[in-house]
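# Examination of the molecular architecture
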Amino acid sequence: MRRTLHRSGPAPAALVRERYAAYARWSEWSPQIRGVETDGERLARGATGTVRGPLGVRVRFRVERVEGGDWSWVVRCGPVRLRLEHGVRALRDGGSVTRLVSEGPAPYVLGYEPLARLALGRLVRDLPHNPSAPHGPGQGR
C-alpha cells in the first residue's frame with residue numbers, strides 16, 4: 001500500500017529541512033521518537049542506525065536518498081519493512097509544506113498514519129528550540 005500525507009505550517013522551509021537533517025532534533029517534533037542511534041549527526045545517503053520509540057521499540061533504518069528538501073529511507077522492525085519518502089517546499093507566505101509518502105504492508109502504513117500526521121504537523125509549526133533535547137555525542141552509537 002502507498003499513502004501520501006501533506007502538512008503545511010508557518011515554519012520556514014529552511015528550518016523544517018534542518019529539523020529533518022539533524023538526528024538529535026527528531027524527538028523535538030516527532031513525539032514517538034525517543035532518540036536516534038547512528039554514527040553520524042546529520043542525515044546522509046547510506047546512513048544506517050536505529051530509532052528508539054516508546055515501550056522499548058527499536059526500528060532499524062537506512063537512508064536511501066538525500067537531495068535538497070527531499071529524502072527517503074527504509075525502516076525495519078522485525079520482518080516489517082516500510083519505505084518513507086519525505087519532501088519540504090517553501091510556501092509564498094514564508095511557511096512550508098511537508099510531504100510524506102509511506103509504502104509497505106497496509107496494516108502498518110495505516111497504523112502509522114495518525115502518528116505521522118501528528119509529527120508532520122509539529123514539524124511545520126514554529127516550535128521553540130528545546131534546549132533539554134539530547135544533542136551531541138550521547139546521540140551516536
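See above for the structure.
I will try to describe carefully the structure that is included in this document.

## Description of the pattern of salt bridges
As enumerated under the stated definition, the model contains 14 salt bridges in all. Salt-bridge contacts for Asp-70 lead to Arg-89; the nearest nitrogen and oxygen are separated by 2.9 Å. Remark: Arg-89 occurs in strand S6 (residues 80-90) and Asp-70 occurs in strand S5 (residues 70-77); sequence separation between them is 19 residues. Judged by its relative accessible area of 14%, Asp-70 is buried. Overall, Arg-89 belongs to the partly exposed group, its relative accessible area being 39%. Taken together, the salt bridges that share partners define one network made up of Arg-2, Arg-62, Glu-64, Arg-83, Glu-85 and Glu-103.

## Considerations on the nonpolar core
One finds Tyr-20, Tyr-23, Trp-26, Phe-61 and Trp-73 to be the most contacted residues of the largest nonpolar core, which totals 29 residues. Contributing elements (two or more residues each) for this core: helix H1 (13-21), helix H2 (26-29), strand S4 (58-67), S5, S6 and helix H3 (106-123). The dominant element in this core, judged by the number of residues it contributes, is H3, at five residues. If we skip the residues at most four places from it in the chain, Tyr-20 touches Trp-26, Trp-29, Leu-43, Trp-71, His-86, Val-88, Thr-98, Leu-120 and Leu-123.

Conventions used here
- Residues numbered from 1 in each chain as written.
- Predicted model: local features only at pLDDT ≥ 70, side-chain atom pairs only at ≥ 80, totals over all residues.
- Heavy atoms only, no water.
- Salt bridge = Lys/Arg side-chain N within 4 Å of Asp/Glu carboxyl O.
- Helix = DSSP H or I, 4+ residues; strand = E, 2+ residues; numbered from the N terminus.
- Buried < 20%, exposed > 50% of the residue type's maximum accessible area, 1.4 Å probe, protein only.
- Core = buried A, V, L, I, M, F, W, Y, C linked by side-chain atoms within 4.5 Å.
- Contact = heavy atoms within 4.5 Å.

Fair warning: the whole summary comes from geometry, so function is off the table for now.
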